[in-house]
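# Structural description and commentary
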Amino acid sequence: MNTINTEQIRADFPILSEKIYNKPLIYFDNGATTQKPQCVVERIENGYYHLNANIHRGVHFLSQKATEAHEAARQTVADFLGTPRREEIIFTRGTTEAINLVAFSFGEAFCSEGDEIVISVMEHHSNIVPWQMLCERKKMKLRVIPMNEKGELEIAVFQQLLNERTKLVSVAHVSNVLGTINPVKDMIQMAHRMNIPVLVDGAQAVPHIRVDVLDLDADFYVFSGHKIYGPTGIGVLYGKEKWLNAIPPYQGGGEMISTVTFEKTTYNELPYKFEAGTPDYIGSTALAEALKYVLKTGIDQIADYEHELTDYATERLLEIENVRIIGTAKEKSSVISFLVGNIHPYDIGMLLDKLGIAVRTGHHCAQPLIDTLGIPGTVRASFAFYNTKKEIDLFIEALKRVVEMLS
Amino acid sequence: MTIREIQDEIIEEFSQFDDWMDKYALLIDLGNSLEPIDEKYKTPQNIIEGCQSRVWLNAEMNNGIVTYQGESDAILVKGIVSMLIKVMSGHTPDEILENDLYFIDRIGLKEHLSPTRSNGLVAMVKQMKMYALAFKAKNN
């Protein structure tokens with residue numbers, strides 16, 4: 001049973017009633033970024049009009065107000081992720097910056113020559129490159145968990161990859177290409193048995209499934225605001241207090257210090273130690289607004305509804321001759337990658353665009369995965385709770401037309 | 001025909017269609033009619049790697065005239081490659097270097113050449129001019 005009222009929800013997202021090439025926009029590129037509800041945009045506007053003053057250092061009224069809003073936003077994020085400790089929430093520019101922060105600071109504190117980092121074959125470039133940079137810097141090795149033909153990680157191999165040289169595991173909660181929901185809770189348990197911490201890249205998970213960092217027992221969990229109906233340029237690093245206290249700051253500057261002399265600087269406490277410079281307090285409050293919107297709609301209701309949409313779209317896609325779905329894991333989020341015969345994904349994407357349908361094509365910033373699959377890329381349709389079955393019908397109709405033109 | 005005349009002819013051909021899908025149907029036809037590149041030229045050196053699709057390009061000069069061969073794995077890109085070759089092939093390096101390419105913009109397919117599209121076409125146009133420049137230098 002779903003309680004999602006798409007009509008009501010769509011009214012909250014003004015962009016969804018726009019026309020593209022004179023056709024109603026059908027937005028199926030939610031894996032790349034999501035659209036924003038009016039309340040989020042209004043929060044940004046209101047922030048700049050009525051709440052703008054630099055935080056944490058002003059004695060004046062507005063600064064106090066802005067500081068309260070920023071810290072309230074931190075509390076909202078903490079509640080959303082299920083941690084009782086708000087100082088475990090660090091605001092970053094996004095998932096990418098959060099991973100880079102951990103790769104740098106954790107690397108400085110705990111890694112040395114010969115050590116190993118474990119990632120998976122289905123990682124986004126942002127969960128590959130920072131670790132490669134660390135490996136280069138420290139002369140370490142990157143080990144990669146393979147997957148089966150359905151796009152599920154080989155957990156037995158993962159277990160074998162873990163050894164006394166493994167310093168950290170960093171893995172996607174949900175694959176941005178295949179939609180696979182990885183069994184991160186089990187993987188964390190396995191790693192913890194060997195005292196290895198785990199970072200979970202939740203960029204594709206938080207908008208779609210319930211995440212509880214305590215239940216997962218994740219050591220680090222990261223996500224981006226813009227993929228969960230919030231603004232661009234703001235994201236979150238959750239880290240267990242013991243780890244965040246044990247690693248050095250990532251960037252130096254204002255806000256992150258306790259005392260500064262030319263001889264020595266002592267660092268501020270958590271979370272400020274990792275928030276050098278003026279934080280994006282407008283972004284953080286708008287992100288909190290987005291999270292509240294999601295909570296109000298109901299994350300389980302969203303998950304159920306999107307699951308229904310994904311099943312329906314999969315079923316309808318398979319009506320089309322020579323369609324190949326890339327990623328058929330048992331546990332899947334609302335992402336469908338596909339190919340049709342030998343048609344290049346770029347051609348399908350360009351023609352769908354002309355019919356008002358936004359999908360993503362290409363390698364989706366996961367080149368190693370696409371190379372492993374031996375394909376030129378995929379067409380990816382990714383759904384959000386404001387999408388409808390009717391849109392899927394229109395998409396299938398358009399796809400049939402496009403395929404006929406290209407065959 | 002001059003580079004200008006060929007471009008004008010293409011613009012004329014596309015101007016009969018208002019609907020995007022008709023324009024793209026013509027582009028697909030052009031892509032299908034592109035003579036396949038000689039397998040021996042489909043080398044890693046001749047590949048222009050784009051984010052989305054790949055383009056191969058080869059150029060030769062005989063008696064002062066440059067001819068290009070090209071291909072792509074995406075049919076729409078191939079259609080544009082076919083037009084670029086039609087426009088640029090069969091001219092002297094000077095003619096190729098002196099003339100602006102305005103037809104893609106005029107037929108409304110500029111988005112394929114936008115740098116953010118990264119389908120290898122921007123790099124291809126640059127590479128075509130580079131070949132002309134290299135042949136010119138060689139001639140002198």
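Above: the structure in question.
As a starting point, this report considers the structure included with it.

### As for the interface of chain A and chain B
Contacts between chain A and chain B engage 17 residues on the former and 18 residues on the latter. Carbon and sulfur atoms supply 66% of the area buried between chain A and chain B, which totals about 1,500 Å² over both sides. Summed over the shared surface of chain A and chain B, the number is zero salt bridges. Counting every contact that joins chain A to chain B gives three residue pairs in polar contact (both at pLDDT 80 or more). If one sorts the elements of the side of chain A that touches chain B by residue count, helix α12 (residues 345–354) of chain A sits on top with six residues. Split into classes, the residues belonging to the side of chain A that touches chain B amount to nine nonpolar, four polar and four charged.

### Things to note about the environment of B:I48
Residue and element names in this part refer to chain B. Mapped onto the elements of the fold, I48 is located in strand β1 (residues 47–49). The class of I48 is buried, set by a relative accessible area of 10%. The sequence separation of I48 and M124 amounts to 76 residues, and the corresponding C-alpha distance is 6.7 Å. For I48, the contacting residues outside a window of four places in its chain are S53, R54, V55, L57, G120, A123, M124 and Q127.

### What about the packing of aromatic side chains?
The relative placement of two aromatic rings is captured by the distance of their centres and the angle of their planes. Evaluated as defined, the whole model comprises 19 aromatic pairs over all chains. Each ring, one from A:Y21 and one from B:W20, has its centre 6.0 Å from the other, and the planes form 65 degrees; the classification is edge-to-face. Residue A:Y21 is found in the loop between β1 (19–20) and β2 (23–24), and its partner B:W20 is found in helix α2 (residues 20–33); the two belong to separate chains. Its relative accessible area of 31% is what places A:Y21 among the partly exposed residues. Using a relative accessible area of 23% as the deciding quantity, one classes B:W20 as partly exposed. Aromatic side chains A:F106 and A:F220 sit 6.4 Å apart centroid to centroid with 85 degrees between the ring planes, which places their arrangement in the edge-to-face category. In this pair, A:F106 is assigned in helix α4 (residues 95–110) and A:F220 in strand β9 (residues 220–224), connecting sequence segments 114 residues apart. Pair check on accessibility: A:F106 and A:F220 agree, each one buried. Members of the aromatic cluster, each reached through a chain of ring pairs, are A:F13, A:Y229, A:Y293, A:F385 and A:Y386. Above the ring of B:W20, the side-chain terminus of A:K354 is found at 4.9 Å from the ring centroid. Over the ring of B:W56 we find B:K42, and its NZ or CZ is 4.7 Å from the ring centre.

### A few points about the nonpolar core
Nonpolar side chains tend toward joint burial in soluble globular proteins. If you look at the biggest cluster of nonpolar residues, it comprises 143 residues, and the most contacted ones within it are A:L81, A:Y221, A:F395, B:Y68 and B:M83. Ignoring anything within four residues of it in the chain, the contact list for A:F395 reads A:F28, A:L317, A:F338, A:L352, A:I357, A:V359 and A:A381. Ranked by size, the runner-up nonpolar core spans 25 residues in total, among them A:L101, A:F220, A:W243 and A:L244.

### Some details on the pattern of salt bridges
All names here are of chain A. Summed over the entire model, instances satisfying the criterion amount to 26 salt bridges over all chains. Between R380 and D29 there is a salt bridge, and its shortest N-O distance comes to 3.4 Å. You can see R380 sitting in strand β17 (residues 378–382) and its partner D29 sitting in the loop between β3 (26–27) and α2 (38–50), a full 351 residues away along the chain. Grouping residues by exposure puts R380 and D29 together as buried. A salt bridge links D115 to K167, with the nearest nitrogen and oxygen atoms 3.1 Å apart. Here D115 is found in the loop between α4 and β5 (116–120), whereas its partner K167 is found in strand β7 (residues 166–172), with 52 residues between them in sequence. The exposure class assigned to K167 is partly exposed, which follows from its relative accessible area of 23%. Each of E71, R74, R86 and E275 takes part in a single network of salt bridges with overlapping partners.

### Describing the sheet that holds strand β6 (residues 141–145) of chain A
All names here are of chain A. Reading across from one edge, β4-β10-β9-β8-β7-β5-β6 is the order of the seven strands in this open sheet, with mixed pairing throughout. Two strands close off the open sheet at either side, each with one partner strand: β4 (89–92) and β6. Adjacent strand axes in the sheet meet at a mean angle of 20 degrees, parallel and antiparallel pairs treated alike. As judged from the five bridges shared by β5 and β6, these two strands associate in the parallel manner.

### What to know about α12(A)
Residue and element names in this part refer to chain A. The buried fraction of α12 amounts to 10 of the 10 residues, a majority that puts the element mostly inside the structure. For α12, the complete set of buried residues consists of P345, Y346, D347, I348, G349, M350, L351, L352, D353 and K354. Just downstream of α12 lies G356, where phi reads positive at about 90 degrees.

### Describing the pairing of β9(A)
All names here are of chain A. Burial analysis of β9 places five of its five residues in the buried class, the great majority of the element. Burial along β9 is two-sided: F220, V222 and S224 facing one way and Y221 and F223 facing the other are all buried. Both strand β8 (residues 198–201) and β9 contribute to a ladder of three bridges, which runs parallel. Residue pairing across strands places L199 opposite F220, the latter belonging to β9. Of the strand pairs in this sheet, β9 and strand β10 (residues 235–239) are connected by five bridges, and their pairing is antiparallel. From the neighbouring strand, S224 faces β10, where its bridge partner is G235.

The rules we used
Residues numbered from 1 in each chain as written. Chains lettered and ligands numbered in written order. Predicted model: local features only at pLDDT ≥ 70, side-chain atom pairs only at ≥ 80, totals over all residues. Heavy atoms only, no water. Contact = heavy atoms within 4.5 Å. Buried area = accessible area lost by both parts, 1.4 Å probe. Salt bridge = Lys/Arg side-chain N within 4 Å of Asp/Glu carboxyl O. Polar contact = N/O pair within 3.5 Å; in protein donor to acceptor, adjacent residues only side chain to side chain. Helix = DSSP H or I, 4+ residues; strand = E, 2+ residues; numbered from the N terminus. Nonpolar A, V, L, I, M, F, W, Y, C, P; charged D, E, K, R; others polar. Buried < 20%, exposed > 50% of the residue type's maximum accessible area, 1.4 Å probe, protein only. Phe/Tyr/Trp six-rings, centres within 6.5 Å; stacked < 30°, edge-to-face > 60°. Lys NZ or Arg CZ within 6 Å of the ring centre and 35° of its normal. Core = buried A, V, L, I, M, F, W, Y, C linked by side-chain atoms within 4.5 Å. Pairing = 2+ DSSP bridges. Axes fitted to C-alpha atoms, helices over the stretch in contact; angles between N-to-C directions.

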